Amino acid sequence: MAGNGNRMDGRVAVVTGAARGQGRAHAVRLAEAGADVVVADVPGDIATVDYPMGTHDELAETARLVEKQGRRAVAVEGDLRDTDTATRLADTARREFGRIDALVPSAGVLSVADSTWDLTDDQWDDMLGTNITSVWKTCRAVVPLMIEAGNGGAIVLTGSVGGLRSVAGCTHYNVAKFGVIALMRTLAWELAPHHIRVNVVHPTGVNTMMGDNPAFRQWAEEHPDLLEPMRGNLLPGVDLVEPDDVAALVAFLVSDDARYITGVEHRVDAGFMLK
């Protein structure tokens, strides 16, 4: 959005998974565009995920980076798999700002298993709970406030190339991300009369703790037969895209420049899906 002025002046965005990674990049990019931002995440690790989750201090740093852009930031801590937390997030946005114009539920995790039948109940439950159920609960809590305000708005869900071309060892992740597509399409139909647009962004691997961590690298080295068909992107030398690359598209999709774009899947995949 550089060079186009502040497209989000006077507007409010809610971003989850905001302690770091893609969520932080979205929050800061929307603040640069002029939005005040409610940032949410849950401190504390998840037992079935082999890398550390975001922390209280990291979420506070995201809020500081939003404020550095001259915008207001309000941080909400809690597990969005929990209905009460999702409700508290929406209520906080209403109380602090009186409106919500953009919703970007980007909280997500990744874990792996050697096969679909090797997955445990806890792996399945934690993955779907975080990557699709919490997204639905966040939308369920926030959407009525957007409708009530009558300002229209935009929602951008975070998908993955894993929801388009299943990634080996990640059945539960693939299922969750495919579910995000169905959620987006349904919401786009339901919210069109309210001028609320809904889209999904499918990144390839992203340079975040989730996308590149020691546990996943070790698993990949131990299973070259599973991972080899999925390695690399079409554009040479691009193993991972940066969070800012994804945030640029998210910022466009919530802006008025995308006022007629809804119900669409968008890829930031460096050509991965053409391989």
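Residues numbered from 1 in each chain as written. Predicted model: local features only at pLDDT ≥ 70, side-chain atom pairs only at ≥ 80, totals over all residues. Heavy atoms only, no water.

Student: Let's hear about the side chain of His202: which residues, and what values?
Tutor: Its place among the elements puts His202 in strand S6 (residues 196-203). The exposure class of His202 is buried, given its relative accessible area of 0%. Within polar-contact distance, the side chain of His202 engages the side chain of Glu265 at 2.9 Å. Not counting residues within four places of it along the chain, the set of residues in contact with His202 comprises Gly159, Ser160, Val161, Leu164, Ile181, Glu265, His266, Arg267, Val268 and Asp269. (Helix = DSSP H or I, 4+ residues; strand = E, 2+ residues; numbered from the N terminus. Buried < 20%, exposed > 50% of the residue type's maximum accessible area, 1.4 Å probe, protein only. Polar contact = N/O pair within 3.5 Å; in protein donor to acceptor, adjacent residues only side chain to side chain. Contact = heavy atoms within 4.5 Å.)

Student: Break down helix H4 (residues 121-149) for me, citing the residues and quoting the values.
Tutor: The end-to-end C-alpha separation of H4 is 40 Å, in line with the 42 Å expected for 29 residues at 1.5 Å each. The largest bend in H4 comes to about 45 degrees, at Gly129. (Expected span 1.5 Å × (residues − 1). Bend = angle between axes of the 7 residues up to and from the residue.)

Student: Can you break down the packing of helix H3 (residues 83-97) against H4 residue by residue, with the values?
Tutor: To characterise two packed helices, one gives the angle between the axes of the helices and the distance between these axes. Interhelical geometry of H3 versus H4 gives an angle of 30 degrees and a closest axis separation of 8 Å. Relative to H4, the element H3 is oriented roughly parallel. Considering how the two elements wind past one another, H3 and H4 form a crossing that is right-handed. Residue-level inspection shows Thr83, Ala86, Thr87, Leu89, Ala90 and Arg94 of H3 in contact with H4, the latter providing Lys137, Thr138, Arg140, Ala141, Val142, Leu145 and Glu148. Its residues placed into classes, the contact of H3 with H4 shows six nonpolar, three polar and four charged. (Axes fitted to C-alpha atoms, helices over the stretch in contact; angles between N-to-C directions. Parallel < 35°, antiparallel > 145°, perpendicular 65-115°, else oblique. Left-handed = near helix turned anticlockwise from the far one by under 90°. Nonpolar A, V, L, I, M, F, W, Y, C, P; charged D, E, K, R; others polar.)

Student: With reference to specific residues and values, describe the side chain of Asn233.
Tutor: With respect to the element layout, Asn233 can be found in the loop between helix H7 (224-227) and helix H8 (243-254). At 2.8 Å, the side chain of Asn233 forms a polar contact with the side chain of Thr204. Each residue touching Asn233, except ones within four places of it in the same chain, is listed here: Thr204, Val238, Asp239, Leu240, Asp269, Ala270, Phe272 and Lys275.

Student: Describe in detail unusual backbone geometry, supporting the description with residues and values.
Tutor: One non-glycine residue with positive phi stands out, namely His195, at about 60 degrees. With respect to the helices and strands, His195 occurs in the loop between helix H5 (171-191) and S6. A relative accessible area of 65% places His195 in the exposed class.

Student: Got a sec to walk through the pattern of salt bridges? Specific residues and values, please.
Tutor: Overall, the coordinates contain 13 salt bridges when judged by the stated rule. The partner of Arg20 in a salt bridge is Glu58, and the shortest N-O contact between them spans 3.5 Å. Here Arg20 is found in the loop between strand S1 (12-16) and helix H1 (21-32), whereas its partner Glu58 is found in helix H2 (residues 56-68), with 38 residues between them in sequence. In this structure, Arg185 engages Glu265 in a salt bridge whose closest nitrogen and oxygen atoms are separated by 2.8 Å. Residue Arg185 is found in helix H5, and its partner Glu265 is found in strand S7 (residues 265-268); the two are separated by 80 residues along the sequence. On the basis of relative accessible area, Glu265 is assigned to the partly exposed category, the value being 27%. It is possible to trace a salt-bridge network through shared partners that takes in Arg72, Arg95 and Glu96. (Salt bridge = Lys/Arg side-chain N within 4 Å of Asp/Glu carboxyl O.)

Student: So what about H8? Which residues, and what values?
Tutor: For H8, spanning twelve residues, the distance from its first C-alpha to its last is 17 Å, which sits close to the expected 16 Å at 1.5 Å a residue. For H8, the complete set of buried residues consists of Pro243, Val246, Ala247, Leu249, Val250, Ala251, Leu253 and Val254.

Student: If you had to explain the layout of surface pockets to someone new, which residues and values would you point to?
Tutor: Its boundaries defined by the atoms lining it, the second largest pocket holds a volume of some 190 Å³. Residue lining of the second largest pocket: 14 residues in total, with Arg11, Asn151, Gly152, Gly153 and Asp256 positioned closest to the centre. A class-by-class count of the residues in the lining of the second largest pocket yields three nonpolar, five polar and six charged. (1 Å grid on protein atoms, 1.4 Å probe; cavity = no way out; pocket = protein on both sides within 12 Å on 5 of 7 lines; lining within 4 Å. Points joined across faces, edges and corners; volume = space filled by probe spheres on them.)

Student: Explain a negative patch on the surface to me, using residue names and the numbers behind them.
Tutor: On the surface, Glu32, Glu242, Asp244 and Asp245 cluster together into a negatively charged patch. Within the element layout of this structure, Glu242 appears in the loop between H7 and H8. (Patch = residues over 30% accessible without salt bridge, like charges linked within 9 Å, V, L, I, M, F, W, Y side chains within 5 Å. Areas by Shrake-Rupley, 256 points an atom, 1.4 Å probe, with all protein chains shown as cover. Lys, Arg positive; Asp, Glu negative; His and termini not counted. Charge placed at Lys NZ, Arg CZ, Asp CG, Glu CD.)

These results come straight from atomic positions and should not be treated as a statement about function.
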